[in-house]
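Chain by chain, the residues run as shown.
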Amino acid sequence: MTAAGKHQASRPVGRRLERAGIRDVAAAAGVSITTVSDALNGKGRLPDATRRHVREVADRLGYRPSAAARTLRTGKSGLIGLTVTTYGEEPFTFTEFAYFAEMARAATSAALARGYALVILPASSRHDVWGNVALDGTVVIDPSDQDPVVTELVRQGVPVVSDGRPAGSLPVHAWVDNDHEEAVLGILDHLAAAGARRIGLLTGTSTDTYTRLSTTAYLEWCERVGQEPVYEAYPAHDPCAGAVAADRLLARPDRPDAVYGLFDPNGTDLLAAARRYGLRVPDDLLLVCCSESGGYAGTDPPITTLSLQPRRIGTAVVQLLIDAIEGIGPTHPVQQVMPTELIVRASSQRRPHRTTVSPPRGPAHGEG
């Protein structure tokens, strides 16, 4: 026997650590295996205290359901998809945008908490390519009108939940969205209260609900207050087009004195365009954009942003999707509206005019 063999033979044979199973959880919790299964899968009519107790015991023992066993038992893969279909076959890396990145992170965490894994599908994926991935359900962000991907997935019996209110009769199982009309009207009123007299809009050319509702709200506000609309539209998936549209908006003869940009890069695009035209922000131009980027707190000046609360939306859409997959909850389509938050910074607040106060003049010499 070689020296290496002697060394190997002399090593004590350690007992392999076995992972806790569902029977171990049931025994430790003092309940049946069926109760453990129902508590961990959100099924059955169990008291909340029992569900919490079982989950605490499972966490303490390090119990994790076997993905292979679940697939054999339920016929489900434990995989759910996430994608953006708004821009079709256009190249669009949606995780580079702060909203989508935040939403995807929250969705991933929510999926894992329910025992599922999230698969992020490229925006340009066709529904026939998705057949290579066994998905139990899919989250679609901002589906366009008559979205063929959503229609085909539903036809195949795959539950679909939409991040964004679908237009028309798009057959999703549930949707979560913000009240975009209310958010836009709040921003326009905020800018008008800050002294704006001609408010412009940077918007997109796509047909998704976010873009359509936001633009419509702006146009209706303009009609209500008697202002001629001043806006430029561009394909939002193209960052270069956004900078060109911002420049075009500020080059107009009816140049606005305040602008709201619907998309993440619009703040920096408008700030750069303002500098090229010698416009001071906020003195000559008030700015607001919709973004989840914390970087806008550090621009010069800091830019006011509208947050659509993507973490809350990401968590909600995944919970609704898994409920649909597992047959939990109402059978009718579910609709949830999430609040927005306007984070007001210097770019949308006029600086008070500085008044120079001369010191009191003394009496002239010779006056008696």
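Note that the coordinates shown come from a computational prediction; the quantities given were computed from them, not determined experimentally.

Trainee: Help me understand the sheet that holds strand β3 (residues 137-141) in this model?
Mentor: The strands making up a sheet are joined through hydrogen bonds of the backbone, oriented either antiparallel or parallel. In spatial order, the strands read β2-β1-β3-β4-β5-β11; together these six strands make up an open sheet with parallel pairing. The open sheet terminates on both sides in strands that have one partner only, identified here as β2 (117-120) and β11 (334-338). Strand-to-strand twist of the sheet, defined as the mean angle between neighbouring strand axes without regard to direction, takes the value 20 degrees. Relative to strand β5 (residues 174-178), strand β4 (residues 160-163) is paired through three bridges, and the arrangement is parallel. Pairing of Ser-162 across the sheet is with Trp-175, part of β5. Strand contacts of helix α12 (residues 310-325): β1 (79-84), β3, β4, β5 and β11, with the helix running at about 165 degrees to β4, the strand carrying the most contacts.

Trainee: Honestly, the sheet that holds strand β10 (residues 304-307) in this entry has me stumped. Any pointers?
Mentor: Strands sit in the order β7-β6-β8-β9-β10-β12 across an open sheet of six strands; the sheet is mixed. Every interior strand has two partners, whereas the edge strands, β7 (230-234) and β12 (341-343), have only one. Averaged over all neighbouring strand pairs, the angle between strand axes comes to 15 degrees, with direction disregarded. Bridge analysis of strand β6 (residues 199-204) against strand β8 (residues 258-261) gives four bridges, and the strand direction is parallel. Across the sheet, the residue bridging to Gly-200 is Val-259, located in β8.

Trainee: Where do I start with the environment of Val-172 in this structure?
Mentor: Topologically, Val-172 is positioned in the loop between β4 and β5. The sequence separation of Val-172 and Pro-333 amounts to 161 residues, and the corresponding C-alpha distance is 7.3 Å. Each residue touching Val-172, except ones within four places of it in the same chain, is listed here: Val-150, Val-160, Ser-162, Pro-166 and Pro-333.

Trainee: Looking at this structure, I do not really get the pattern of salt bridges. What am I missing?
Mentor: Two side chains carrying opposite charge are able to pair once their charged atoms lie near each other. All chains considered together, the criterion is met by 10 salt bridges. With a shortest N-O distance of 3.5 Å, Glu-326 and Arg-114 are connected by a salt bridge. Remark: Arg-114 occurs in the loop between α6 (98-113) and β2 and Glu-326 occurs in the loop between α12 and β11; sequence separation between them is 212 residues. Among the residues examined, Glu-326 registers a relative accessible area of 18% and is labelled buried. Ionic pairing is found between Arg-252 and Glu-232, a salt bridge with its closest N-O pair at 3.3 Å. In this pair, Arg-252 is assigned in the loop between α10 (239-250) and β8 and Glu-232 in strand β7, connecting sequence segments 20 residues apart. Looking at Glu-232, the relative accessible area reads 13%, which means it is buried. Via salt bridges that share partners, Glu-232, Arg-248, Arg-252 and Asp-254 belong to a single interconnected network.

Trainee: Please clarify how unusual backbone geometry should be interpreted in this entry.
Mentor: For residues other than glycine, phi is negative in most cases, and the peptide bonds are mostly trans. Omega for the peptide link from Val-281 to Pro-282 comes to 10 degrees, which places this bond in the cis form. Inspection of the secondary structure puts Pro-282 in the loop between α11 (266-276) and β9 (286-290). The amide bond that connects Asp-300 to the next residue, Pro-301, takes the cis arrangement and shows omega of 0 degrees. Phi at Asp-142 takes a positive value of approximately 50 degrees, unusual for a residue other than glycine. Structurally, the position occupied by Asp-142 is in the loop between β3 and α7 (148-155). On the accessibility criterion, Asp-142 (16% relative accessible area) is buried.

Rules used in this analysis
Residues numbered from 1 in each chain as written. Predicted model: local features only at pLDDT ≥ 70, side-chain atom pairs only at ≥ 80, totals over all residues. Heavy atoms only, no water. Pairing = 2+ DSSP bridges. Helix = DSSP H or I, 4+ residues; strand = E, 2+ residues; numbered from the N terminus. Axes fitted to C-alpha atoms, helices over the stretch in contact; angles between N-to-C directions. Contact = heavy atoms within 4.5 Å. Salt bridge = Lys/Arg side-chain N within 4 Å of Asp/Glu carboxyl O. Buried < 20%, exposed > 50% of the residue type's maximum accessible area, 1.4 Å probe, protein only.

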